[in-house]
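# Breakdown of the fold
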Amino acid sequence: MAEILFKGGRLIDPASGVDTTSDVLVSGGRVIEVGSNLSSNGAETIDISGAVICPGFIDLHVHLREPGREDEETVATGSAAAARGGFTAVGAMPNTDPVCDNAAVADKVAAAARLAGMCEVIPAGALTKGLEGKYITPVGEMVTCSAGVRMFTDDGKGVQDSRILRRAMEYIKGFDAICAEHCDDAALSEGGQMHEGYYSDMLGLKGMPAAAEDIALARDLVLARLTGVRYHALHVSTKGSVELIRQAKAQGVRVTAEVTPHHLILTDSELQSFDPVNKVNPPLRSSSDVEACRVGLADGTLDAIATDHAPHSREEKESEFELAPPGMVGLETALALMITEIVDPGILTLAELVRRLTSVPAGILRLAGQGGPVAEGGVANLTVFDPAAEWLIDPETFVSKSRNTPFKGRTVRGRVLHTVFGGNLVVRNGEISPDYHAALSVGTSLGAQQ
Amino acid sequence: MMMIKHLLSIDQLSTDMIDLVLKTTDSFGEVGTRTIKKVPALRGRTVCNLFFEPSTRTRLSFELAAKRLSADVITFTADSKTSVSKGESFKDTALTLQAMGLDAIVVRHTSGGSAKRLSEWVDASVLNAGDGSNEHPTQALLDLYTIKQRFGRIEGLHIGIVGDVSHSRVARSNIKAMTKMGAHVTVIGPPTLLPVTVGSWGVDVSTDLDAVLPKLDIVYLLRVQKERQVDQFFPSLREYSMFWGLDNRRVGLMKPEALIMHPGPINRGVEIAGDLPEMERFIVADQVTNGIAVRAALMYLMLGGSQEPPPTEKV
């Protein structure tokens, strides 16, 4: 493992409340020393003056597509994309093929991640078998397996049957895990292509009303209160949802929530291009929803930032709008978009943004060794980024296998320079270290075994 | 005047361009009355009809229009899911057509935005022959022509568009075109079939057909698909026709000179009573006839025919 002295950076460590210029010495997979004027003692010295050093970012919500769609992403390529975006831990959603509804699949995913070695991957388990909404999954087996599943969700859709959801919540609570939901009343949003509103009316595309999300979330919050489960609202996108979560928190319901960069930045007016790159679920909403999400993020109603990184093949996104699958990649652009669109306009301070990307999601998932504190003896999961560096988003440069970003061609500020995962310098000067190129070219460990 | 390369939406057309299309249509209308209904304007050019949704009248109308201009016409009809089920993307299909060196592609598709997407991938001129519930611009232009032919003007006329506005590309294109040309448009139908934000489109909105009918110069009926009842947009076909269907009693409420239009195909017994007799004011046949001339005029203008003199020369 590398011995590295990061010199002269601004250490933002939300877990310990530190925000000051400080050197950080890493060795043997651990943080050895934090302080001023540290000497290298033979370690490689990297001057990071003007840059920020902080705990590695954590993304609660990504789709790694393995097993099943290794043409779109693998655990290895997704891990690389995460590392390049400054993430040292991601939560992988269970809507793979086969579905991650048992310990065998969860362990396979976690094992593939350990083999790739670029990022910690915590598989989320399905709430119901096959994501069918009918039968609850072996939660205990998944919580206690080596993958250490701690979040359960049918993400991609919501559990429609309230009785099943209630049972799942009660059962999950017994294992102190999290019930997470993609809030959607499927009957209301059936066949929907985009947010229902002015633009869907104009374009003649079938709309998904905000009410479909609000109603599902309202029901979920009532059941969360009834059962006492730890509940997490995935990718909150509506004004109504933000208000419901605000109320629930005020009433003491154990609820946390995440919001994606795209729901904080883009509105449904983008759909006028008819380019399926803008098709996502939940859909891009109206400007008043975007504004409410920004306010909710600023006041803490929405806790964490998650990307909902959803890789899709070129041909699937180059089909007709109604046939194209929903989803956008997000890991490699999240930091820069958040700095440019959220920190620069003053919605969050830079230190607060770092908190929402580190200690907050680490707290939700109760991850050890992630999210800080950056202190002597701690696991060396670190991100170094230049908050001022400008760059142009060019999907062709992504290490993710997929290119489906609606932010192509934007000039943004904020670039990840280095990512240290478990003491290894996975990303150096913005690129994946050569040590990991072999893992990427192999592509998929699971695929290779099939 | 510069003509547009692709016709995807009425939004692209200025009032001057619309006037030019209508004026050029006059010449092609005359061609349609000749014994030899053909001019050489597009001789040697190839037009592809690309239909991903079943259609008879629109496809035939475009085909006839292209043939009257002496263009070579090929037709490709497929289920909208064909290319996808074969693993080929819509873009792959487009690039295949591109490689065939076509001059124009007339596209009809079940998915909104398909014509626009196609136009981004091919060099040929793309004519939108209906994309999902989005637009059907040539229908709107032929409707404008038909209205102008009968009334001598469009401006100031009060047009009622009746029925399933929500799912209608004909309504979207016509509302844009009619309001652009100065008509007063009222949309009328069950509240479940009027878009929630339709009030922001520069039209009046009503659910009471009987109240609006006496004021209208044109009653434009939309096709109401029977499956809308299955999806509970209205309780029954009987109730729909009771409140929004045109029958003898309602024809009696209309101004004597008011006309009835319909984009076809008509759902007898739903938007029009089954026993409503043929009448002079019901001008669907004019719409069909004019459709060929309008489409010929558009292809002539868009494919560079405007560089040549109008179609007086005979083959």
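Rules and cut-offs
Residues numbered from 1 in each chain as written. Chains lettered and ligands numbered in written order. Predicted model: local features only at pLDDT ≥ 70, side-chain atom pairs only at ≥ 80, totals over all residues. Heavy atoms only, no water. Helix = DSSP H or I, 4+ residues; strand = E, 2+ residues; numbered from the N terminus. Buried < 20%, exposed > 50% of the residue type's maximum accessible area, 1.4 Å probe, protein only. pLDDT = per-residue confidence, 0-100. Phe/Tyr/Trp six-rings, centres within 6.5 Å; stacked < 30°, edge-to-face > 60°. Axes fitted to C-alpha atoms, helices over the stretch in contact; angles between N-to-C directions. Parallel < 35°, antiparallel > 145°, perpendicular 65-115°, else oblique. Left-handed = near helix turned anticlockwise from the far one by under 90°. Contact = heavy atoms within 4.5 Å. Nonpolar A, V, L, I, M, F, W, Y, C, P; charged D, E, K, R; others polar. Polar contact = N/O pair within 3.5 Å; in protein donor to acceptor, adjacent residues only side chain to side chain. Domains from an automatic or database assignment. Buried area = accessible area lost by both parts, 1.4 Å probe. Salt bridge = Lys/Arg side-chain N within 4 Å of Asp/Glu carboxyl O.

Position of Thr289(B) among the secondary structure elements: in helix 12 (residues 284-302). Taking relative accessible area as the criterion, Thr289(B) reaches 53% and is therefore assigned exposed.

On average, residues of chain B score 92 in pLDDT, and 93% of them are at 70 or above. Model confidence for the complex is summarised by a pTM of 0.94, with the ipTM given as 0.92.

Under the criterion given, the structure shown has 11 aromatic pairs over all chains. Measuring from ring centre to ring centre gives 5.5 Å for Tyr171(A) and Phe175(A), while their planes differ by 50°; the resulting arrangement is tilted. Classification of Tyr171(A) as partly exposed rests on a relative accessible area of 39%. Ring geometry for Phe243(B) and Trp244(B): centres 5.6 Å apart, planes at 45°, overall tilted.

The next point concerns the packing of helix 4 (residues 162-174) of chain A against helix 7 (residues 210-227) of chain A. Residue and element names in this part refer to chain A. Relative orientation of the contacting elements helix 4 and helix 7 amounts to 40°, with a least axis distance of 10 Å. Judged on the interaxial angle alone, helix 7 and helix 4 are oblique. Considering only the axes of helix 4 and helix 7, their crossing is right-handed. The residues of helix 7 that touch helix 4, namely those facing Ser-162, Leu-165, Arg-166, Met-169, Glu-170 and Lys-173, are Arg-219, Asp-220, Leu-223, Ala-224, Leu-226 and Thr-227. Of the residues belonging to the contact of helix 4 with helix 7, the class tally is 5 nonpolar, 2 polar and 5 charged.

Before going further, it helps to spend a moment on the side chain of Arg108(B). All names here are of chain B. Tracing the sequence through the fold places Arg-108 in strand 3 (residues 104-109). Here the side chain of Arg-108 touches Ala-129 through a polar contact of 2.6 Å, landing on its backbone oxygen. Among residues more than four places away in sequence, those in contact with Arg-108 are Leu-50, Phe-51, Phe-52, Glu-53, Pro-54, Ser-55, Thr-58, Ala-129, Gly-130, His-136 and Arg-169.

Residue and element names in this part refer to chain A. Taken domain by domain, chain A consists of domain 1 (4-53 + 375-449) and domain 2 (56-365). Taken over C-alpha atoms, the centre of domain 1 sits 24 Å from the centre of domain 2. Contact with domain 1, which involves 49 residues of that partner, is made by 57 residues of domain 2. Summing both sides of the interface, domain 1 and domain 2 together bury roughly 4,200 Å²; the carbon and sulfur share of this comes to 65%. Across the domain 1-domain 2 interface, the total number found is 19 residue pairs in polar contact (both at pLDDT 80 or more). When residues of the side of domain 1 that touches domain 2 are traced back to their parent elements, those giving at least two are strand 1 (4-13), strand 16 (382-392), strand 17 (411-421), strand 18 (424-428), strand 19 (431-432), helix 15 (437-442) and helix 16 (445-449).

Turning our attention to the interface of chain B and chain A. Tallying the contact residues gives 27 residues for chain B and 21 residues for chain A. There are 2 salt bridges connecting chain B and chain A. Measuring nitrogen to oxygen at the nearest pair gives 3.5 Å for the salt bridge that ties Arg117(B) to Asp275(A). For the pair chain B and chain A, the interface holds 11 residue pairs in polar contact (both at pLDDT 80 or more). For the side of chain B that touches chain A, the element with the most residues is helix 5 (residues 114-119) of chain B, which contributes 3 residues. Partitioned by chemical class, the residues of the side of chain B that touches chain A number 7 nonpolar, 13 polar and 7 charged.

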